[in-house]
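# A structural walkthrough
Take a look at the letters that make up each chain.
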Amino acid sequence: MKKLALFFVLIVIVSCGKDPDLIVKGHVKGLKKGTVYLEKEQDSSIIIVDSIFLNGPSEFELKSDLESPEAFYLRLDKKNSKENNTRIVFFADKGVTEINTTLKNFVQDAKINGSKQQKLYEDFLKVITRYDDKNLDLIKESFEAKKSNDSVRIEANNKALDNLVKSKYLYIVNFAVNNKNSEVAPYLALTEIYDAQIKWLDTINNSLTPPIKDSKYGKALEGYLAIRKSD
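For clarity, every value in this text was computed on a predicted model and none was experimentally measured. (Residues numbered from 1 in each chain as written. Predicted model: local features only at pLDDT ≥ 70, side-chain atom pairs only at ≥ 80, totals over all residues. Heavy atoms only, no water.)

## Some thoughts on unusual backbone geometry
Put simply, the rule is: The helix and strand labels rest on DSSP assignments: H or I over at least four residues marks a helix, E over at least two residues marks a strand, and numbering proceeds from the N terminus. Here's how the labels work: a residue is buried when its accessible area is under 20% of the maximum for its type, exposed when over 50%, partly exposed in between, all with a 1.4 Å probe on protein chains only.
Of note in this structure, Asp43 is not a glycine but carries a positive phi near 55°. Here Asp43 shows up in the loop between strand S2 (33–42) and strand S3 (45–55). Judged by its relative accessible area of 70%, Asp43 falls in the exposed class. Positioned with a positive phi, Ser44 is a non-glycine residue whose angle comes to about 65°. Tracing the sequence through the fold places Ser44 in the loop between S2 and S3. Residue Ser44 is classed as exposed on the basis of its relative accessible area, which comes to 78%.

## Section: the side chain of Asp202
Convention followed: In what follows, residue pairs with any heavy atoms lying within 4.5 Å of each other are defined as contacts.
Tracing the chain through its elements places Asp202 in helix H5 (residues 198–207). Setting aside residues up to four positions removed in sequence, Asp202 forms contacts with Leu225 and Lys229.

## Examining the pattern of salt bridges
Filter applied, for reference: Each reported salt bridge corresponds to a side-chain nitrogen of Lys or Arg within 4 Å of a carboxyl oxygen of Asp or Glu.
Summed over all chains, the structure comprises 10 salt bridges. For Arg75, the salt bridge identified is with Glu39, shortest N-O distance 2.7 Å. Taken together, the positions of Arg75 in strand S5 (residues 70–78) and Glu39 in strand S2 put the pair 36 residues apart, joining distant regions of the chain. Judged by relative accessible area, which is 2%, Glu39 ranks as buried. Between Asp202 and Lys229 there is a salt bridge whose closest N-O contact spans 3.0 Å. Remark: Lys229 occurs in helix H7 (residues 216–230) and Asp202 occurs in helix H5; sequence separation between them is 27 residues. Taking relative accessible area as the criterion, Asp202 reaches 17% and is therefore assigned buried. Overlapping salt bridges, with partners in common, bring together Glu39, Arg75 and Arg87 in one network.

Right under this line is the structure:
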């Protein structure tokens, strides 16, 4: 009986001393005072997982449990600032993710070193940024065409915008299918092209490897498609 009691005590000690699955650390150059939050999406809402108030030192360390790779947010709430809160999106896996950035350009200057999923996500962003830049150029051109009441330019720009959106969506589908063994694939389907044709989302879903289908985003994509198809 004493041995059994000792066994349960040991279990409690081990569980209490369990190392966190995820550690996010780094520093914000130029930050004197503010709060850094580690957040993630849960049940269609963004929740705070951990936070740290910095007053002087700009280094931070945040922790979280983690069952499988998923996207997190690093948010900065700057003290005595009228600016909106800013968020860095990153993909994390178990272990350490390091994020170094600046107060001046919190999101743009972020250097992230961590999971292989993050590296893949960054590869995706490098290309998708070019699509977004082109989209802004076309919107500006469309505005100028409407301002000058040039119907030919307006029609040409509308067609160019439609083609750009289609090209962007096809790129995302191909990227996801080519990386079907990564949690990034269903994540992109849910966040970047959730309003795409069902056949495109089905193409991604059907390509996923069994472990990815069983991941957080794999299950979410399956459930989302079921809802879309029932409408």
